[in-house]
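Fold and geometry: a report
Next come the chains, spelled out residue by residue.
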Amino acid sequence: MGIEKGKISLWQAILLVSNSILASMVLITPALLTKEAGQDAWLSVLIAGVVGCIIGFLVISLGLRFPKQNLVEYSIELLGPWFGRAVSIIFALFFLHLNAYLVRAFSVLLITETMPETPFSVFNILMVILVVYGVYLGLEVFSRVNEIIFPLFILAGIIIFALAAPEMDFEQLKPYLTHSFPGILWGSLILASFYAEGAFVLMLIPSMRNPKEAKKIVVPVTIILLFVIFIDVAGLISLFGAQETARMLFPTFELAKTVHLGAFLERIESLVVGLWVGSVSLKIMAYYYVSVIIFAEVFNLKDYRPLVLPYAFILVVLSLTGWTDTNHVRLYLSRYHPLLTITVMVGTTLLLLIASLFKQRDTKGGETQ
Amino acid sequence: MRIRVKKMFLKVLLVLLLGAGVAYYEVPKLLQQQLKRELIVFICFLLIGVTLALAMILDLPIPNPTNAVEYIFSPVVRMLYPG
């Protein structure tokens, strides 16, 4: 058993994983995808959906082999105390780095779109304070908050797309399939790496009320994600055209800006910002929680809470110093980050799966003898 | 030049105060519960965090994981990245 004593339900787990993957996916990936795949980016989405589903099943099948233990515990069991801990720490550090990027992206969005004169560090620090509070309160708390906020987020998204639909020109999606295939594939790699982030669920499976149900997480999450991001990308291309979308920093946000209902409903993007802040905060909370609890487990602590505050310092510093400017972030995101994510997430999963297969064969051989 | 030094000094003080504040908040709890291992790990993390924050304020070079990632993966990117 691990440190976490709280329990989450299957539905909460589904929503938590969905939010954690979706919150930054909708905002960041459309621009990256259309840059690589042009107007065929919707095809990248479909390919990524299939790949993501496969990754999901891989991850869950690993988790199901050890339903009562979290990642750290079975890493140590399978790979030995030193190597198992090393692998877990890499997992945790990956999420620390990812969180730093997310905090930064959040600040950039708020500064460029709503409050341009606020210095950068202010939003970073505020966001981290909020996230620290959530993580301190524990897994059950932010899972329940997510249960409320994530459906609202989706609802707002649907409404906005419905309102923007009259302006969409589906001819923009043509000519079909003329873009270079490697570009489409790279786009789907970028998107699939977001699905791969879902491997964090390996730390949550033992905290589910019924861990054996974990395999029911994969399909609903994939469907939700596929549905949302497909409409997002196809809608954006239809509205703005592929080249414009690729140029923008936050195309989904620009879409929210263009929505209006006569003179009645305007400036709806303020609502979007509010919900998006909530959504991304929960994502950062989930990853922060997973990171900190991995460290706590690795050092065999009784509780992860003492580590939360010092970790905040590291997170803030990293978010301010990790990247030099927006262009650097974009380059990093479109080229290096997908590779890193897939390597760490899928690599760890495969490593542990293969190790567990070996262990099973060993014990089987021992029993027959 | 002087104002810059003054601002940095202020920020350094702020960071140290925050660090001390975090310590004041957590350490008594940990001592009370006799959690020695937690205390050691906590202090390590706090020291690392505060050191990084001070280094950032004083414009000292900080090891940057992003650069490490770019360094490690650049051959792969060069091979695979289309366009």
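Residues numbered from 1 in each chain as written. Chains lettered and ligands numbered in written order. Predicted model: local features only at pLDDT ≥ 70, side-chain atom pairs only at ≥ 80, totals over all residues.

Tallying the contact residues gives 27 residues for chain A and 28 residues for chain B. For the side of chain A that touches chain B, the secondary-structure elements that each account for two or more residues are helix 7 (181-196), helix 12 (305-321) and helix 13 (326-368) of chain A. Here the element with the most residues in the side of chain A that touches chain B is helix 12 of chain A; it accounts for 10 residues. Considered class by class, the residues forming the side of chain A that touches chain B number 18 nonpolar, 6 polar and 3 charged. (Contact = placed C-beta atoms within 7 Å. Helix = DSSP H or I, 4+ residues; strand = E, 2+ residues; numbered from the N terminus. Nonpolar A, V, L, I, M, F, W, Y, C, P; charged D, E, K, R; others polar.)

Below, the discussion takes up the packing of helix 8 (residues 218-240) of chain A against helix 10 (residues 251-258) of chain A. The relative placement of two packed helices is expressed as an angle between their axes plus a distance between the axes. Residues and elements named next belong to chain A. The contact between helix 8 and helix 10 brings their axes to 10 Å, and the two run at 60°. Classified by the interaxial angle, the pair formed by helix 8 and helix 10 is oblique. When the axes of helix 8 and helix 10 are compared, the crossing they make is left-handed. Two secondary-structure elements touch here, helix 8 through Asp-232, Leu-236, Leu-239 and Phe-240 and helix 10 through Pro-251, Thr-252 and Leu-255. Of the residues contributing to the contact of helix 8 with helix 10, the split by class is 5 nonpolar, 1 polar and 1 charged. (Axes fitted to C-alpha atoms, helices over the stretch in contact; angles between N-to-C directions. Parallel < 35°, antiparallel > 145°, perpendicular 65-115°, else oblique. Left-handed = near helix turned anticlockwise from the far one by under 90°.)

Okay, the confidence of the model for chain B next. Residues and elements named next belong to chain B. Mean pLDDT over chain B stands at 87; residues scoring 70 or higher make up 98%. When mean pLDDT is compared element by element in chain B, helix 2 (residues 36-57) scores highest at 91, while helix 1 (residues 2-32) scores lowest at 87. Two numbers describe this predicted complex: its pTM, 0.92, and its ipTM, 0.91. (pLDDT = per-residue confidence, 0-100.)

Okay, helix 12 of chain A next. Residues and elements named next belong to chain A. Helix length check: helix 12 (17 residues) gives 26 Å between terminal C-alpha atoms against 24 Å at 1.5 Å per residue, within 8%. Approximately 30° is the largest bend angle found in helix 12, and it occurs at Tyr-311. The element helix 12 is largely enclosed, with a buried count of 15 among its 17 residues. (Expected span 1.5 Å × (residues − 1). Bend = angle between axes of the 7 residues up to and from the residue. Buried ≥ 20, exposed ≤ 12 C-beta atoms within 10 Å, placed from the backbone.)

Let's shift gears to the environment of A:Ile205. As for its placement among the helices and strands, A:Ile205 is situated in the loop between helix 7 and helix 8. A C-alpha to C-alpha distance of 10 Å links A:Ile205 and A:Ile217, two positions 12 residues apart in sequence.

Residues and elements named next belong to chain A. Packing of helix 5 (residues 120-137) against helix 12 brings their axes to within 10 Å, and their N-to-C directions diverge by 155°. With respect to each other, helix 5 and helix 12 are oriented roughly antiparallel. Handedness of the crossing formed by helix 5 with helix 12: right-handed. From helix 5, Ser-121, Asn-124, Ile-125, Val-128, Val-132, Val-135 and Tyr-136 reach across to helix 12, where they touch Arg-305, Val-308, Leu-309, Ala-312, Leu-315, Val-316, Ser-319 and Leu-320. The residue makeup of the contact of helix 5 with helix 12, split by class, is 11 nonpolar, 3 polar and 1 charged.

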